[in-house]
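# Descriptive analysis of the structure
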Amino acid sequence: MNHPHSNENPGKIGDFTVRPLDPTSDAELVHGWVTHPKAAFWLMGGAKLQDVEREYMAIAAHPHHEAFIGLHDGEPAFLIERYDPTEVELKGLYEAEPGDVGMHFLVAPSDTPIHGFTRAVITAVMRFLFADPSVRRVVVEPDVTNSAVQALNKTVGFEVLREITKPEKTALLSACTREQFEAATGGTDR
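In short, a report on the structure. (Residues numbered from 1 in each chain as written. Predicted model: local features only at pLDDT ≥ 70, side-chain atom pairs only at ≥ 80, totals over all residues. Heavy atoms only, no water.)

Below, the discussion takes up the packing of helix α1 (residues 27–34) against helix α2 (residues 49–61). Where α1 meets α2, the closest approach of the two axes is 9 Å, and the angle between their N-to-C directions is 110°. Considering the angle they form, α1 stands roughly perpendicular to α2. In this structure, α1 uses Ala27, Glu28, Val30, His31 and Val34 to contact α2, whose residues at the interface are Leu49, Val52, Glu53 and Tyr56. In terms of residue class, the contact of α1 with α2 is built from six nonpolar, one polar and two charged. (Axes fitted to C-alpha atoms, helices over the stretch in contact; angles between N-to-C directions. Helix = DSSP H or I, 4+ residues; strand = E, 2+ residues; numbered from the N terminus. Parallel < 35°, antiparallel > 145°, perpendicular 65-115°, else oblique. Contact = heavy atoms within 4.5 Å. Nonpolar A, V, L, I, M, F, W, Y, C, P; charged D, E, K, R; others polar.)

Have a look at this one:
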């Protein structure tokens, strides 16, 4: 039987698992990811190690925001943030529906990229979120200029709702229901 937070990936890219992020022991790892030039849209390029630790301690203490480390074959490979969009990030900025969950994800920089890896990661992230039966729709708000992630989002079923203005960026509010995800990816393996 499949563990709800583990998914054998049919694309033969490997096994993905998810564990809670530990703000103290994971700070150094995550600092290397969020300050990498490829993570420019994460908006933490100039962050110091203490800034990252402080940020993730605040998330750990927050009742509506959580952070996780995604593992690829047991090795840390991506970061997930899950949040309640009616309380964090999108509060008052969109028409919330019951069962909405907000998500950010970041793939660790790699010297040896694997073809199709980022798509496999976002698929694993979506499976992880939809493993919670109360989740009916995932909501994201990528920067309007981040065309790479917009294209990626589309491959797993996201549709653009509209542009929204946030304090730090103009974002493309997008949403993906469980049904849209299943139609785009061939199911949630449940």
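Picking up after the structure, the text goes on.
What follows covers unusual backbone geometry. Glycine aside, negative phi is the norm for most residues, and most peptide bonds take the trans geometry. Residue Leu43 is not a glycine yet carries a positive backbone phi of 60°. Locating Leu43 in the fold gives a position in the loop between α1 and α2. Given a relative accessible area of 54%, Leu43 falls into the exposed group. Even without a glycine there, the phi angle at Glu89 is positive, about 65°. Locating Glu89 in the fold gives a position in the loop between β4 (75–83) and β5 (100–107). (Buried < 20%, exposed > 50% of the residue type's maximum accessible area, 1.4 Å probe, protein only.)

In this section: the layout of surface pockets. Quantified by volume, the largest pocket comes out at close to 1,200 Å³. If you trace the largest pocket, you find 41 residues lining it, with Lys38, Trp42, Phe105, Leu106 and Val107 closest to the centre. Of all the secondary-structure elements, those providing two or more residues to the lining of the largest pocket are α2, β3 (65–72), β4, β5, α3 (117–130) and α4 (147–155). The element that contributes the greatest number of residues to the lining of the largest pocket is β5, accounting for five residues. Residues of the lining of the largest pocket, tallied by class, amount to 23 nonpolar, eight polar and ten charged. (1 Å grid on protein atoms, 1.4 Å probe; cavity = no way out; pocket = protein on both sides within 12 Å on 5 of 7 lines; lining within 4 Å. Points joined across faces, edges and corners; volume = space filled by probe spheres on them.)

The biggest cluster of nonpolar side chains holds 29 residues, and the ones touching the most others in it are Phe16, Met103, Phe105, Val125, Met126, Val138 and Phe158. When contributions to this core are tallied by element, the ones reaching two or more residues are β2 (15–20), β4, β5, α3, β6 (137–140) and α4. Among the elements that take part in this core, α3 stands out by supplying ten residues, more than any other. What Val125 contacts, discounting residues up to four positions off in sequence, is Phe78, Ile80, Met103 and Phe105. (Core = buried A, V, L, I, M, F, W, Y, C linked by side-chain atoms within 4.5 Å.)

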